[in-house]
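Architecture at a glance
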Amino acid sequence: MAHKFMNMHLIFLCTLLVFFVSTRIEKVTCEWFDFTEVSGEIKGSWSALSCSADGSKMVAAIDYGSLYTSSNSGETWVVVDNTGVSDGRRWSALTSSANGRFIFAAMGDMGYIYSSSDYGISFLAHEDLGSQMWSAVACSIDCSHVVATFVGGNITFSSDYGVTWAYYQPTLYSPWTSVASNSDGTRYFAGTFGGELMISYDAGNSWSAMVAAGSREWCSVSSSYDGLKLIAGTCSEYLYMSIDGGVTWTNNGVRGHWRSLSTSADGSVVVAAADYN
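None of these values were measured; they are calculated from a predicted model.

Counted by the stated rule, this structure contains 2 disulfides. Across the disulfide from Cys139 sits Cys143; the S-S distance is 2.2 Å. Between Cys139 and Cys143, the disulfide has an S-S torsion of -55° and is therefore left-handed. The two residues Cys139 and Cys143 agree in class, both being buried.

Before going further, it helps to spend a moment on empty space enclosed by the protein. Evaluation of the coordinates by the stated rule reveals 1 cavity of 30 Å³ or more. Approximately 40 Å³ is the volume found for the largest cavity. Every residue lining the largest cavity is listed: Ser181, Asn182, Arg187, Tyr188, Phe189, Ile199, Ser223, Gly227 and Leu230. Class assignment of the residues belonging to the lining of the largest cavity gives a composition of 4 nonpolar, 4 polar and 1 charged.

In the structure shown here, the tally under the stated rule is 2 salt bridges. Ionic pairing is found between Arg90 and Asp63, a salt bridge with its closest N-O pair at 3.6 Å. Here Arg90, found in the loop between strand E7 (77-79) and strand E8 (91-96), pairs with Asp63, found in the loop between strand E5 (58-62) and strand E6 (67-70); they are 27 residues apart in sequence, far enough to count as distant. Glu237 is the partner of Arg216 in a salt bridge, and the nearest nitrogen-oxygen pair spans 3.5 Å. Linking Arg216 in strand E20 (residues 216-223) with Glu237 in the loop between strand E21 (230-234) and strand E22 (239-242), this pair joins segments that are 21 residues apart in sequence.

Criteria and cut-off values
- Residues numbered from 1 in each chain as written.
- Predicted model: local features only at pLDDT ≥ 70, side-chain atom pairs only at ≥ 80, totals over all residues.
- Heavy atoms only, no water.
- Disulfide = S-S within 2.5 Å.
- Buried < 20%, exposed > 50% of the residue type's maximum accessible area, 1.4 Å probe, protein only.
- 1 Å grid on protein atoms, 1.4 Å probe; cavity = no way out; pocket = protein on both sides within 12 Å on 5 of 7 lines; lining within 4 Å.
- Points joined across faces, edges and corners; volume = space filled by probe spheres on them.
- Nonpolar A, V, L, I, M, F, W, Y, C, P; charged D, E, K, R; others polar.
- Salt bridge = Lys/Arg side-chain N within 4 Å of Asp/Glu carboxyl O.
- Helix = DSSP H or I, 4+ residues; strand = E, 2+ residues; numbered from the N terminus.

Take a look at the structure:
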């Protein structure tokens, strides 16, 4: 059944555009943007959202609720009628391929990672990964490469659309908060709470700390398609940005709780949502 969303209030406390220009950072004045309301019948606290490259295919999650998909840029929505997906789960993260066909959904309250290869019509639970407090999930543009993190545990990754999975076990306790991928899934970029940013150059098999960014409470990360332009947000300090793959970093000088980040394909534009301190 399709649901018409008429009143969905997505509240952005502030949306900030940040542009990478040569080796400096220029900041556009923070301002409000107008959004079309796309919900009403379906009530709940929306916890995650992902869309295809052209924005026509979307998937959204209600915290302690269901997953919903749209194939017409949010005009109408369909609840995912799938055991384990539509029965009041706590969803923490969503990611999808550029064409919207492949979707990965993560649960944040001792649950599974679910995946769909048919635009969200049906979902498969990856029970082999166990029930975890999943904090983030990301994939390459075709979702052939997938990476996921859970609090205090391993980084989990796949190079075959989630059919098989491997693990990276950190030497120390790592409260992973966020993860991002470049276009082909060869470079992954992850944040930890109270630790360092981590990067992998071999599709997740090995990781190294990005010591130049320092040890901080990292809340969000994002990457350009080539993996060279990186941005990371702290939970109470600044945005940190790199244009050389993480060798050097510069902060934006604006304190905030940087909740979410998204980067354009070439990394020239970043959209950041934050609570300001």
